[in-house]
Amino acid sequence: MSDGHRRAQTAIQTILRLTNLLMAGKRVAVIGDEPELAARLRAMGAQTLLADPAAALRGHRVLAEDEAVALADLVVGATEAHLPLLRDGAILIPAAPPAGPSGTGEPHGTGGGPSGTGGGPSGAGDRPSGAGGIFAGRPGVRVRDGITGYRLGPDREVFVLDMSC
């Protein structure tokens, strides 16, 4: 099994375990280069939204990145630049932090969620859910193990998955 397959399967298992969502019909924006993850989500019935024009050949819906993030129910690989675009109730998997000290490309303290340019787990391993990265310094409310809610405005709340759970 390749690393891409392993990361994609681990990410999907973690998403399903934490959210208990049915992927069929969900709009999922996959930011960055995660073709295996996008393919698996599409196979589960999700409407995959990607910015890569070549993704149209693989059955994904191609949109500008900002447009995809604004429409998505689940955003894999979110960055701080995406915060103003998120819709109320969106579920985020923030972009990966820098690679760990071992040089393996795996983020610190993670179980191998999506990584690379875009997809990845939030925070830095031993911190509480959502404590690092794009939500550093913002007060969050722990919804349940592995999920933290953040208010982005009076009418908008987003939920961040801690992929290291």
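For every chain, the first residue of the written sequence is number 1, and numbering continues from 1 onward in sequence order. In keeping with the predicted nature of the model, local features appear solely for residues at pLDDT of at least 70, side-chain atom pairs appear and are counted solely at 80 or more, and the whole-chain, interface and lining totals rest on all residues. For the side-chain quantities, the full set of heavy atoms in the structure was used; hydrogens and water were omitted.

A short note on the overall build of the chain
Let me state the cut-off plainly: A run of DSSP states H or I qualifies as a helix once it reaches four residues; a run of E qualifies as a strand once it reaches two. Both are numbered from the N-terminal end. Each residue is placed in one exposure class: buried if its accessible area under a 1.4 Å probe, protein chains only, is under 20% of its type's maximum, exposed if it is over 50%, and partly exposed if it falls in between. Any two residues whose heavy atoms approach within 4.5 Å are treated as being in contact. Computed by Shrake-Rupley with a 1.4 Å probe, the accessible areas treat only the displayed protein chains as cover when residues are assessed.
Along the chain, the regular secondary structure elements total three helices and eight strands. Helices (α) and strands (β) of the chain occur, in sequence order from the N terminus, as α-β-α-β-β-α-β-β-β-β-β. Counting only residues that meet the buried cut, the chain has 42% of its 165 residues in that class. Within the chain, residue pairs in contact and separated by at least 24 positions form 48% of the contacts whose partners lie at least 6 positions apart. Accessible area for the chain stands at about 7900 Å²; split by element, carbon and sulfur atoms hold 53% of it.

Focus: helix 1 (residues 3–19)
Just so we agree on the cut-off: Expected span, for any helix, means 1.5 Å times one less than how many residues it has. Here the arc refers to the directions that run from the helix axis out to each C-beta atom.
Between its terminal C-alpha atoms helix 1 stretches 24 Å, which fits the 24 Å expected from 17 residues at 1.5 Å a residue. Residues G4, A8, A11, I12, T14, I15, L18 and T19 constitute the buried set of helix 1. Taken end-on, helix 1 shows its buried residues confined to a sector of 165 degrees, consistent with a single buried face. Those residues of helix 1 that are buried are in contact with helix 2 (35–43), strand 4 (74–78), strand 5 (91–94), strand 6 (140–144), strand 7 (147–153) and strand 8 (156–161). Looking one or two residues beyond helix 1, the residue adopting positive phi is N20, at roughly 60 degrees.

What to know about unusual backbone geometry
The backbone of N20 sits at a positive phi, close to 60 degrees, despite the residue not being glycine. Looking at the element boundaries, N20 is found in the loop between helix 1 and strand 1 (27–30).

Here's the deal with the pattern of salt bridges
When the charged atoms of two side chains lie near each other, side chains of opposite charge can form a pair. Basically, it comes down to this: A pair is scored as a salt bridge if a Lys or Arg side-chain nitrogen falls within 4 Å of a carboxyl oxygen belonging to Asp or Glu.
Inspection of the entire model under this criterion finds five salt bridges. The partner of R58 in a salt bridge is D52, and the shortest N-O contact between them spans 3.7 Å. Judged by relative accessible area, D52 falls into the partly exposed class, the value being 38%. In this structure, R142 and D145 form a salt bridge, with 2.6 Å as the shortest nitrogen-oxygen distance. The exposed category is assigned to R142, whose relative accessible area is 54%. One salt-bridge network, in which partners are shared between bridges, spans R27, D73 and R87.

Some words on the sheet that holds strand 8
The condition is simple: DSSP calls a pair of strands paired once it identifies at least 2 bridges connecting them. Only the contacting stretch of a helix is used when fitting its axis, a line to C-alpha atoms as for every element, and angles between N-to-C directions run 0 to 180 degrees.
On the basis of which strands lie adjacent, the open sheet formed by eight strands has the order 3-2-1-4-5-8-7-6 and mixed pairing. Edge strands, defined here as strands with exactly one partner in the open sheet, are strand 3 (61–62) and strand 6. Summarising the sheet, strand 5 and strand 8 pair through two bridges and their orientation is parallel. Note that in strand 8 the partner of I91 across the bridge is F159. Across the sheet, helix 1 touches strand 4, strand 5, strand 6, strand 7 and strand 8, and the angle it forms with strand 8 is around 125 degrees. In the packing of helix 2 onto the sheet, contacts are made with strand 1, strand 2 (47–50) and strand 4, and the angle to strand 2 comes to roughly 155 degrees.

Points about the environment of R42
Considering the arrangement of structural elements, one finds R42 in helix 2. Distance in space between the C-alpha atoms of R42 and A24 is 8.5 Å, their sequence separation being 18 residues. With near-sequence residues (within four places) excluded, R42 lies in contact with T48, R58, G59 and H60.

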